[in-house]
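# Examining the three-dimensional arrangement
Single-letter residue listing:
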Amino acid sequence: MAGRVRFGTLQSYKEEYEDKERGDRTEGMGDLQVSGEALIVNVARGMSRTVPGIENLAVRADPRNHFIACFMACDEDDLPVRAKEFGEHCVAIEDPAALIDDLRKALQNDAFLAVNPPALEWGEVRYDKGAQVAKQFTRDEKLILAWIQKPEAYAHQKEFRIHFNFTSHELIGSPSHHTLSIGKVLPYCKLRAFGS
């Protein structure tokens, strides 16, 4: 495979790719109900106490600034179903770590992004948007929810995303897509027809 990977903005996924059956119209928004404590303050008495409570954790990202490339894990049994959803062909990635390493280098060498190079992030999509969870989140874990979280109804997609955030659109215009060129053939990527 030629070494070019196309990233789309979260906005483009909402508008171009996401149809009613497989689309998440809330792309760019993370939402959880986090179990914890609520602080009750009695100003008149000058007292406060904590009680069990729920924090609504909502994270929003400008969907025009966040670029993602979407991948999915699928078993051989899943391939015919995926063909109906996504088309006749897929690219099998035999070494995902090598792809990420090559994309990181391409991001650093991209002429448009070189002025203020963004960081590359990646991870498995979380299918718990709007759910109640007991876990406490770090600041970084909260920030990525906007691009890595979808409702549970989409869990069958088994999606993996690679992401970068670029806000200096005056350097590249306001594109809905950006292609990273790795500059070499990717021996770990194989074009396959679904079902073969």
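Our subject is the structure listed above.
Here's a quick rundown of the structure. (Residues numbered from 1 in each chain as written. Predicted model: local features only at pLDDT ≥ 70, side-chain atom pairs only at ≥ 80, totals over all residues. Heavy atoms only, no water.)

### Re a nonpolar patch on the surface
A surface patch of nonpolar side chains, amounting to about 330 Å² of accessible area, comprises Leu 39, Val 41 and Val 43. With respect to the helices and strands, Val 41 occurs in strand 2 (residues 29-42). (Patch = residues over 30% accessible without salt bridge, like charges linked within 9 Å, V, L, I, M, F, W, Y side chains within 5 Å. Areas by Shrake-Rupley, 256 points an atom, 1.4 Å probe, with all protein chains shown as cover. Salt bridge = Lys/Arg side-chain N within 4 Å of Asp/Glu carboxyl O. Helix = DSSP H or I, 4+ residues; strand = E, 2+ residues; numbered from the N terminus.)

### Quick look at the sheet that holds strand 9 (residues 177-181)
The five strands lie next to each other as 6-8-4-1-9, forming an open sheet whose pairing is antiparallel. Strand pairing shows two members of the sheet lacking a second neighbour, strand 6 (121-124) and strand 9, which therefore form its edges. Direction aside, the axes of adjacent strands within the sheet are offset by 30° on average. Two elements, strand 6 and strand 8 (residues 159-165), share four bridges in a ladder whose sense is antiparallel. The residue of strand 8 that forms the bridge with Trp 122 is Ile 162. Each of strand 4 (66-72), strand 6 and strand 8 touches helix 4 (residues 139-148); the most contacted strand, strand 6, lies at about 75° to it. (Pairing = 2+ DSSP bridges. Axes fitted to C-alpha atoms, helices over the stretch in contact; angles between N-to-C directions. Contact = heavy atoms within 4.5 Å.)

### Side note on the side chain of Asp 102
One can find Asp 102 in helix 3 (residues 96-109). Judged by its relative accessible area of 8%, Asp 102 falls in the buried class. Residues within four places of Asp 102 in sequence aside, it is in contact with Ile 182, Lys 184, Leu 186 and Tyr 188. (Buried < 20%, exposed > 50% of the residue type's maximum accessible area, 1.4 Å probe, protein only.)

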